[in-house]
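Descriptive analysis of the structure
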Amino acid sequence: MDVRKDRIIMALENISQDVLLTESIARDLETTILEIYPDADDDELFEDLLHMLASYEPHGGDFLYDEKRLKEECGRVLNVLRHL
């Protein structure tokens, strides 16, 4: 498997499991994805996730995503990546 893809899978696994999801962790994942796949924001697989990571606040709010919703999206992307 591709080492770059492995880094993203590991980060997604950590988030979608029981790791406390801070804004810093969300921003780090966003940065990691964009460093590995510079065109990820135009990729159907990552587009929604990147938007959610950029708009993440642990408790949500107006126009923000909460931890539950972001973890669900991380799980969706993780499932797709595992089967590529």
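Structure first, text after, so check above.
What follows covers the overall build of the protein. Within the protein, the secondary structure is distributed over 4 helices and 2 strands. Taken from the N to the C terminus, the helices and strands of the protein come in the order α-α-α-β-β-α. Taken over the C-alpha trace, the protein has a radius of gyration of 12 Å; the compact-globule value for 84 residues is 12 Å, and the two agree within 12%. Taking the contacts inside the protein whose residues are at least 6 apart along the sequence as the reference set, 58% of them involve residues at least 24 apart. Total accessible area on the protein is roughly 5,200 Å²; 50% of this is exposed by carbon and sulfur atoms. Of the side chains in the protein, 9 bear a positive and 21 a negative charge, and the two mean positions are spaced by 5 Å.

With respect to the helices and strands, Lys 71 occurs in helix α4 (residues 67–82). Only 3.1 Å separates the side chain of Lys 71 from the backbone oxygen of Gln 17, close enough to count as a polar contact.

Next up on the list: unusual backbone geometry. Phi is positive for Phe 63, which is not a glycine, with a value near 65°. Checked against the element boundaries, Phe 63 lands in the loop between β1 (59–61) and β2 (64–66).

So, about helix α1 (residues 3–16). Here α1 contains 14 residues, and its C-alpha end-to-end distance of 20 Å stays within 8% of the 20 Å for a straight helix at 1.5 Å per residue. Buried residues of α1: Lys 5, Ile 8, Ile 9, Leu 12 and Ile 15, and no others. Here the buried residues of α1 occupy an arc of 125° about the axis, which is enough to place them on one side. Among the exposed residues of α1, those oriented more than 90 degrees off its buried face are Val 3 and Met 10.

It is the contact of α1 with helix α2 (residues 23–36), at a shortest axis distance of 10 Å, that shows an interaxial angle of 160°. The angle between α1 and α2 falls in the class roughly antiparallel. Handedness of the crossing formed by α1 with α2: left-handed. Within the contact between the two elements, α1 uses Arg 4, Arg 7, Ile 8, Ala 11, Leu 12 and Ile 15 and α2 uses Ile 25, Leu 29, Thr 32, Ile 33, Glu 35 and Ile 36.

Another point: the packing of α1 against α4. Close contact between α1 and α4 brings their axes to 9 Å; oriented N to C, the two are set at 145°. Crossing hand, α1 versus α4: left-handed. In this structure, α1 contributes Lys 5, Ile 8, Ile 9, Leu 12, Glu 13, Ile 15 and Ser 16 to the contact, and α4 contributes Lys 71, Cys 74, Gly 75, Val 77, Leu 78, Leu 81 and Arg 82. Partitioning the contact of α1 with α4 into residue classes produces 8 nonpolar, 2 polar and 4 charged.

What counts and how
Sequence order sets the numbering: in each chain, residues are counted from 1 along the sequence as written. A pLDDT threshold of at least 70 governs which residues receive local features in this predicted model, and a stricter bar of 80 or more applies before side-chain atom pairs are shown or counted, although totals over entire chains, interfaces and linings include all residues. As a convention, hydrogens and water are excluded, and side-chain values are obtained from all of the structure's heavy atoms. What counts as a helix is a DSSP run of H or I of at least four residues, what counts as a strand is a run of E of at least two, and both are numbered from the N terminus. Taken over C-alpha atoms, the radius of gyration is set against a globule rule of 2.2 Å times the number of residues to the power 0.38. Whether two residues are in contact is decided by their heavy atoms: any pair within 4.5 Å suffices. Accessibility throughout is a Shrake-Rupley quantity obtained with a 1.4 Å probe, and a residue counts as covered only by protein chains that appear here. Counting rule applied: Lys, Arg positive; Asp, Glu negative; His and chain ends not counted. Note on charges: their place is set at NZ of Lys, CZ of Arg, CG of Asp or CD of Glu. Polar contact is the term for a pair of N or O atoms within 3.5 Å; when the atoms are in protein, one must be able to donate a hydrogen and the other to accept it, and sequence-neighboring residues count only if both atoms are side-chain atoms. Multiplying 1.5 Å by the residue count of a helix minus one yields the expected span of that helix. Exposure classes here rest on a 1.4 Å probe applied to the protein chains alone. A residue is buried below 20% of its type maximum, exposed above 50%, and partly exposed in between. Arc, as used here, means the arc of the directions from the helix axis to the C-beta atoms. In this description, a line fitted to the C-alpha atoms serves as the axis of each element, helices being fitted only across the stretch in contact, and the angle between N-to-C directions of two axes falls anywhere from 0 to 180 degrees. Oblique is the label for any angle not under 35 degrees, not over 145, and not in the 65 to 115 range, which are roughly parallel, roughly antiparallel and roughly perpendicular in turn. Two helices crossing with the near one rotated counterclockwise from the far one by less than a right angle form a left-handed crossing, whereas a clockwise rotation gives a right-handed crossing. Residue type decides the class: Asp, Glu, Lys and Arg count as charged, Ala, Val, Leu, Ile, Met, Phe, Trp, Tyr, Cys and Pro as nonpolar, and the leftover types, Gly among them, as polar.

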